[in-house]
Number of protein chains: 2
Amino acid sequence: MQKVPTVYDVAELAGVSIATVSRVLRKPHEVADATRDRVNAAVLDLGYVPSGSARSLAARRAGAIGLCLPDFDGIDDDPALAPVTFSDGQVPTVLDFPEDVELGDNLYISEVMLGTEIEAWQHGLAVTIAVARGSRGTDIFDNLAGRVDGIVTLARTIPDQQLAHIARRVPVVVLAGPRAGDEYDHITTDNREGMRVMTSHVVEAHGVTDLAFVGGPADSPDDDARFRGFCEALRTAGLPVPSAPVARGDYTRVQGRSIGRRLVADGGVPRALVCSNDQTALGVLDVLTGAGIRVPQDVIVTGFDGIDASEMSRPRLTTVYQPMRDLGRAAVDTLLHRLRDTQLPPQTRSLPVRVLLRDSCGCLPAQAA
Amino acid sequence: MQKVPTVYDVAELAGVSIATVSRVLRKPHEVADATRDRVNAAVLDLGYVPSGSARSLAARRAGAIGLCLPDFDGIDDDPALAPVTFSDGQVPTVLDFPEDVELGDNLYISEVMLGTEIEAWQHGLAVTIAVARGSRGTDIFDNLAGRVDGIVTLARTIPDQQLAHIARRVPVVVLAGPRAGDEYDHITTDNREGMRVMTSHVVEAHGVTDLAFVGGPADSPDDDARFRGFCEALRTAGLPVPSAPVARGDYTRVQGRSIGRRLVADGGVPRALVCSNDQTALGVLDVLTGAGIRVPQDVIVTGFDGIDASEMSRPRLTTVYQPMRDLGRAAVDTLLHRLRDTQLPPQTRSLPVRVLLRDSCGCLPAQAA
DNA sequence: TTGTATGCGTTATCAG
DNA sequence: CTGATAACGCATACAA
């Protein structure tokens, strides 16, 4: 690492020009065998690794795509984030009581991330991540936009104005957002229809007439669509349609628990609780079973997303599965299309969901493993 | 996106030189207010976003760090990875039986990733990810090394030889690996001591004399250290010390289940099963409770890692918690130190673990929520 | 405070 | 098949 070698060093050692070195690396077949071997030997000998910046600059493409995510870890702007503590060799033993700690609230995002990475990998692209935390968001996204060929962003992660600015440089694909008359490509899932079918199932298959919707953030378009699906099912069934969710959380399990506690305390737990996402449903489930209320016998609980945790709960959660991983993959795929043809009109592509009937609605007998 | 504007365009529009534009962006205070305003206006007007490649090249630093991860999603080299399917508007409803699907096997890695991102974010650095899948691994890491200022890699992700090559260009920090006489910086956790204390607890607090170790991959240094800790505890207690784990999995829950089934079938389930990681323990737990074997009354089960899922199981899993997020953070921190002082001797920094006593060893009464 | 000129390490175009 | 050489877009030392 003393003096990082460049093409010039390799060229000199191999006794060729830098053009040839470049060729050996990019288009080996255009170079004579003997020459190629000499160059490769020099590369190994010197420990040469091409500069990505120089290459991107010259080739006019970064070979990477950017992924913008909201602050999903609760770090936010905390300037006093404690420094890492190193070991002193001691191993304390502590009684660990159940607590309301954040649990797996980033499962959804992890999957999206993974899908993005997989598809990018398939096309030989790197993925660079930027998370919107606190105030530093502004420059971090500009910075990202400058170093990638395209950007995938979760809806509402980047302020509209800034997104517009960025989009003038690189194509942008928005995930899970509503089409708001913008010019970006969008990837969505069948939120409304999924929730409609889920709700209808509870009404028709289980004969429930008393059900409530536990919502997410009021400004979430996903939540809105799901609530509308819920209402539509009730309307079709001739049941009274609420004007708003019975409660609203923030999509976390912890909030789901608060809501559950409040409902139990109020004594107003309906026959079925249709939740806007899995984490909320799991939080509600935690409280209900803890309070001795049987699910699904006394109360039916359903979720939305199909995260791993919904499969691991007892009872297992009936939910609407959406292909989170495919969300990321589809985004990259769309990005590549656009990169290829800039003139395409803005697209919206939708991914399918499916209702997964499990224990928490009473379709399957609760079982252990 | 037609013609991406450059410093030259901004300079022209603002009636200044490119040097001034650059200054406005990098050192705003060195520029007169009026000038600065004009430039900023031009930037906004043109939708200018600086080129990351050009900047990195000129500044001789990438402003990003690379994170190398093993193939943790089972995608591997599958060339026929099915393309994403888009929605046809239908929402199928299916009975979803419990299956042996992969469940949350990337929890550990997700946390490491998150920690890395957080610390990088704090220092204004981007994080670029590369996953070692199948054969494409080779070029992907070289590619990464060329575009970052330093690399964080999980042990055994990159072949030794290639890692050596890469390390000649950028500093490398290895996570969770053993120090193998290499010149890299390392971050580890107290695997051995953690497992020793855990095992001693089972022996001493619960009076167990009949315990077995369920291991992970035979070539995992972490697993090896944990097994040694296990043995040491037995030796100290004057109990017979096994020469090898009673079974070996691959750290996944699915494998944990297979092992559990085999143990149950053989009728040889000991009083306590000390597992090398949480996923394995959870898989074992799935099978035991499914088979009507009571945990912890009949059999004690313990894990290692402290992933979220260990908190959500019933009974909740007694385990050795290691600060996965801090692993990532410490790695970045170490990288920055090295970047600052290239001459530092290779360091190994260790992170503390702690034994978390929960339901599966019988320390806490099993409870619902 | 601002401008000029040079270099950063590649790729790509054109000759040879 | 190989070699000059001109971009690529920005940062920065040095002048003015």
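Residues numbered from 1 in each chain as written. Chains lettered and ligands numbered in written order. Predicted model: local features only at pLDDT ≥ 70, side-chain atom pairs only at ≥ 80, totals over all residues. Heavy atoms only, no water.

As named in an unreviewed UniProt entry, chain A is Transcriptional regulator, taken from Sanguibacter keddieii.

1. A look at the sheet that holds strand β4 (residues 151-154) of chain A
Inclusion rule: Two strands are said to pair when DSSP picks up at least two bridges between them. Under the DSSP-based scheme used, a helix requires at least four consecutive residues in state H or I and a strand at least two consecutive residues in state E, with every element numbered from the N terminus. Axis geometry follows a simple rule: fit a line to the C-alpha atoms, using only the stretch in contact for helices, then measure angles between N-to-C directions, giving values from 0 to 180 degrees.
With respect to topology, 12 strands assemble into an open sheet ordered β12(A)-β6(A)-β5(A)-β4(A)-β1(A)-β3(A)-β3(B)-β1(B)-β4(B)-β5(B)-β6(B)-β12(B), the strand pairing being mixed. Each of the sheet's edge strands pairs with one partner strand only, and the pair in question is β12 (348-351) of chain A together with β12 (348-351) of chain B. Between one strand axis and the next, the sheet turns through 20° on average, direction left out of account. Pairing between β4 of chain A and strand β5 (residues 172-175) of chain A: four bridges, direction parallel. Among the inter-strand pairings, Ile151 of chain A is bridged to a residue of β5 of chain A, identified as Val172 of chain A.

2. Side note on the protein's contact with DNA strand D
Threshold: Proximity criterion: a residue is near a molecule or strand once any of its heavy atoms comes within 4 Å of it.
Around DNA strand D sit 26 residues in total, of which Arg23 and Thr35 of chain A together with Val7, Ser22 and Tyr48 of chain B are the nearest. What you see for DNA strand D is that sugar and phosphate hold 61% of its atoms within 4 Å of the protein. Elements with a contribution of two residues or more to the surface near DNA strand D: α2 (18-26) and α4 (52-59) of chain A together with α1 (7-14), α2 (18-26) and α4 (52-59) of chain B. Residue contributions to the surface near DNA strand D peak at five residues, all from α2 of chain B.

3. Digging into the protein's contact with DNA strand C
Defined as follows: Two N or O atoms count as a polar contact when they lie within 3.5 Å, although within protein this holds only if one can serve as hydrogen donor and the other as acceptor, and sequence-adjacent residues are included solely when both atoms are side-chain atoms. In the scheme used here, Gly and all other residues not listed as nonpolar or charged are polar, with Ala, Val, Leu, Ile, Met, Phe, Trp, Tyr, Cys and Pro taken as nonpolar and Asp, Glu, Lys and Arg as charged.
Close to DNA strand C lie 26 residues; Ser22 and Arg26 of chain A together with Thr20, Arg23 and Thr35 of chain B are nearest. Counting only atoms of DNA strand C within 4 Å of the protein, the fraction found in sugar and phosphate groups is 60%. Val7 of chain A is positioned with one of its backbone polar atoms (N or O) 2.6 Å from a phosphate oxygen of DNA strand C. Counting residues per element, the ones that place at least two in the surface near DNA strand C are α1 (7-14), α2 and α4 of chain A together with α2 and α4 of chain B. Tallied by class, residues from the surface near DNA strand C come to 16 nonpolar, six polar and four charged.

4. With respect to unusual backbone geometry
Residues and elements named next belong to chain A. Between Val295 and the following residue, Pro296, the backbone shows a cis peptide bond with an omega angle of 10°. With respect to the secondary-structure elements, Pro296 resides in the loop between α11 (278-290) and β10 (300-305). Between Arg314 and the following residue, Pro315, the backbone shows a cis peptide bond with an omega angle of -5°. Positionally, Pro315 belongs in the loop between α12 (308-312) and β11 (318-321). For Asp305, which is not glycine, the phi dihedral falls at a positive 135°. Mapping Asp305 onto the fold places it in strand β10.

5. Details of the relation of the copies chain A and chain B
Note the following rule: Least squares is the method for superposing the copies, and the C-alpha atoms it fits come from residues with pLDDT of at least 70 in both. Contact definition: two residues touch when any of their heavy atoms are within 4.5 Å.
Superposition of chain A onto chain B requires a rotation of 180° combined with a translation of 0.0 Å along the rotation axis, giving an RMSD of 0.0 Å. On this basis, the relationship between the two copies can be described by a two-fold rotation axis. Here 100% of the interface residues in chain A have copies in chain B that are interface residues too; the copies meet face to matching face.

6. Focus: helix α3 (residues 33-46) of chain A
Our working rule: A helix's residues, less one, multiplied by 1.5 Å, set its expected span. Under the scheme applied here, a residue whose accessible area is under 20% of the maximum for its type counts as buried, over 50% as exposed, and between as partly exposed, the area being computed with a 1.4 Å probe on protein chains only. Of all possible arcs, the one meant is that of the directions from the helix axis to the C-beta atoms.
With 14 residues, α3 of chain A ought to run about 20 Å at 1.5 Å a step, and its terminal C-alpha atoms sit 20 Å apart, in line with that. Those residues of α3 of chain A that fall on the buried side of the exposure criterion are Thr35, Val39, Ala42 and Val43 of chain A. The buried side chains of α3 of chain A occupy one side of the element, clustering within an arc of 105° when seen end-on. In α3 of chain A, the exposed positions that point more than 90 degrees away from the buried face belong to Asp33, Ala34 and Leu44 of chain A. Summarising the contacts, the buried residues of α3 of chain A are in contact with α1 and α2 of chain A together with α7 (160-167) of chain B.

7. Concerning the domain arrangement of chain A
Residues and elements named next belong to chain A. The line we're drawing: These domain limits were set by an automatic method or by a database of domain assignments. Salt bridges, as used here, are contacts in which a Lys or Arg side-chain nitrogen is within 4 Å of a carboxyl oxygen on Asp or Glu.
Taken as a whole, chain A is organised into domain 1 (7-50), domain 2 (64-189 + 325-351) and domain 3 (191-323 + 354-368). If you average the C-alpha positions of domain 2 and of domain 3, the two centres end up 27 Å apart. If you look at the interface, domain 2 gives 17 residues, while domain 3 gives 17 residues. Summed over the shared surface of domain 2 and domain 3, the number is one salt bridge. Between Asp219 and Arg156 there is a salt bridge; the shortest N-O distance is 3.1 Å. Summed over the shared surface of domain 2 and domain 3, the result is six residue pairs in polar contact (both at pLDDT 80 or more). Those elements that provide at least two residues to the side of domain 2 that touches domain 3 are α5 (107-122) and α13 (324-340). At three residues, α13 tops the list of elements feeding residues into the side of domain 2 that touches domain 3. Classifying every residue of the side of domain 2 that touches domain 3 by side-chain character gives eight nonpolar, two polar and seven charged.

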